[in-house]
Amino acid sequence: MRIRFRGPSGGGLLELADDATVAQLLLALRAETGSGPIAVKFGWPLQTLAADQGDLRVRELGLQRENLTVVPLESVEQQPAVVAHPAADSGIAELDAQLAANLSYGSGEDVKADMPESRTTLVLRVMPDDGDCMFSAVGGALGGLIPLGASSGSNEYTPATLRRMVVDAIREDPLRFDANFLGDPPDKYCRRLLDGMWGGGIELSILSEIFRVEIRSVDVQTGTAYHFGEQQDYDEFCIVIYSGIHYDRVAEVTSEGAMSMVEFDVTRWNTVGNESILERTQEICQILRDRHYYTNVSELVVVCNQCQEVLQGNKAITQHARLTGHSGVTEIVDST
């Protein structure tokens, strides 16, 4: 299996055996980074691998799906105890300005692609960066559809509702959705999903089956389109855009005045005769790629220029500035 990592000197890709343990992972990371003792952080909010987890399999913790952040322990041990800094507000303001100028990819709200053949416009509907983005993006395209096995549908499917539907589908078919398929024991996977774990390809495939609609997910960074439910000959499809760890929805609007009126969005299309929708989505992805939109604020990893602490995400960076008064950071760029 392949695992992506980042550290103070940059990022890389690690090759490990499918049955590798956490202890083997740590040894490999130390060899790759040339570091001594390290801490490995993962997930969002960041969690740290514990010393007593060495015998666990990497797959048991779902680490093969994570971007790992490597922190040399020397830099952690040498840091003094931190207390709230009384003059930190100015540091936070300075930090915010620096992030906006140097690290932000800008808003996606104004990204669009004109469709002269239908005199409409394809637009990007940006989802909140709250851990529910995939479910919000897909849910906004499912209104009016009737779930498999139900007698009626809904005009709105909330992330909580969709999470529960996916969990029910997994529990109803344990032979199909086993640990090999999920990467975790089914009960553990379901608990994590209900507790707010981010959705991805597994959830998209299940929701495609539940609502009998093809879901096309287009990767901003590569431009690749992944078709969930393509072989099922569903009548309609919807499109979401994936920018690394975040999902947004694509919608068609009929006039300039409807740009800000989500209630009038067209979010599903017939699978026959609408090839231009995917083509225009690719144009949107090119615009986003030019803006470096796939560098999401929540996955941003930086090192503090003053104390060398590695931080992930805008919240962690701001909190660090508030506690220490430090304001200079340098982005750790993933070179893979």
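Quick summary incoming for the structure in this document. (Residues numbered from 1 in each chain as written. Predicted model: local features only at pLDDT ≥ 70, side-chain atom pairs only at ≥ 80, totals over all residues. Heavy atoms only, no water.)

## Focus: the nonpolar core
(1) Moving on: Among the nonpolar cores identified, the biggest contains 34 residues, and Leu 142, Leu 162, Ile 170, Ile 206, Leu 207, Phe 211 and Ile 215 are the most heavily contacted of them.
(2) Moving on: Where this core is concerned, the elements lending two or more residues are α4 (133-139), α5 (159-172), α7 (186-194), α8 (201-211) and β10 (236-242).
(3) Moving on: Those residues in contact with Ile 206 that sit more than four places away from it in its chain are Val 166, Ala 169, Ile 170 and Phe 177.
(4) Moving on: One finds Leu 14, Ala 20, Ala 28 and Val 40 within the second-largest nonpolar core, a separate group that totals 19 residues. (Core = buried A, V, L, I, M, F, W, Y, C linked by side-chain atoms within 4.5 Å. Buried < 20%, exposed > 50% of the residue type's maximum accessible area, 1.4 Å probe, protein only. Helix = DSSP H or I, 4+ residues; strand = E, 2+ residues; numbered from the N terminus. Contact = heavy atoms within 4.5 Å.)

## A closer look at helix α9 (residues 275-290)
(1) Moving on: For α9, built from 16 residues, the straight-helix expectation of 22 Å at 1.5 Å per residue is met to within 8% by its first-to-last C-alpha distance of 23 Å.
(2) Moving on: Taken together, the buried positions of α9 are occupied by Ser 276, Ile 277, Leu 278, Arg 280, Thr 281, Ile 284, Cys 285 and Leu 288.
(3) Moving on: Two residues or fewer after α9 comes His 292, characterised by a positive phi angle close to 60 degrees. (Expected span 1.5 Å × (residues − 1).)

## Comments concerning the pairing of β10
(1) Moving on: The buried fraction of β10 amounts to five of the seven residues, a majority that puts the element mostly inside the structure.
(2) Moving on: Looking at chain direction, strand β8 (residues 214-219) and β10 are connected through six bridges and run parallel. Bridging from a neighbouring strand, Ser 217 pairs with Val 240 of β10.
(3) Moving on: Here β10 pairs with strand β12 (residues 269-270) via two bridges, running antiparallel. Bridge assignment links Glu 236 to a residue of β12, and that residue is Asn 270.
(4) Moving on: Judged from the three bridges that link them, β10 and strand β11 (residues 247-253) form a sheet pairing that is antiparallel. Its bridge partner lying in β11, Ile 241 is registered against Asp 248.
(5) Moving on: Between β10 and β11, which pair antiparallel and follow one another directly, the connecting turn spans four residues, one of which, Gly 244, has a positive phi of 110 degrees. (Pairing = 2+ DSSP bridges.)

None of the figures reported here should be taken as evidence of function without further support.
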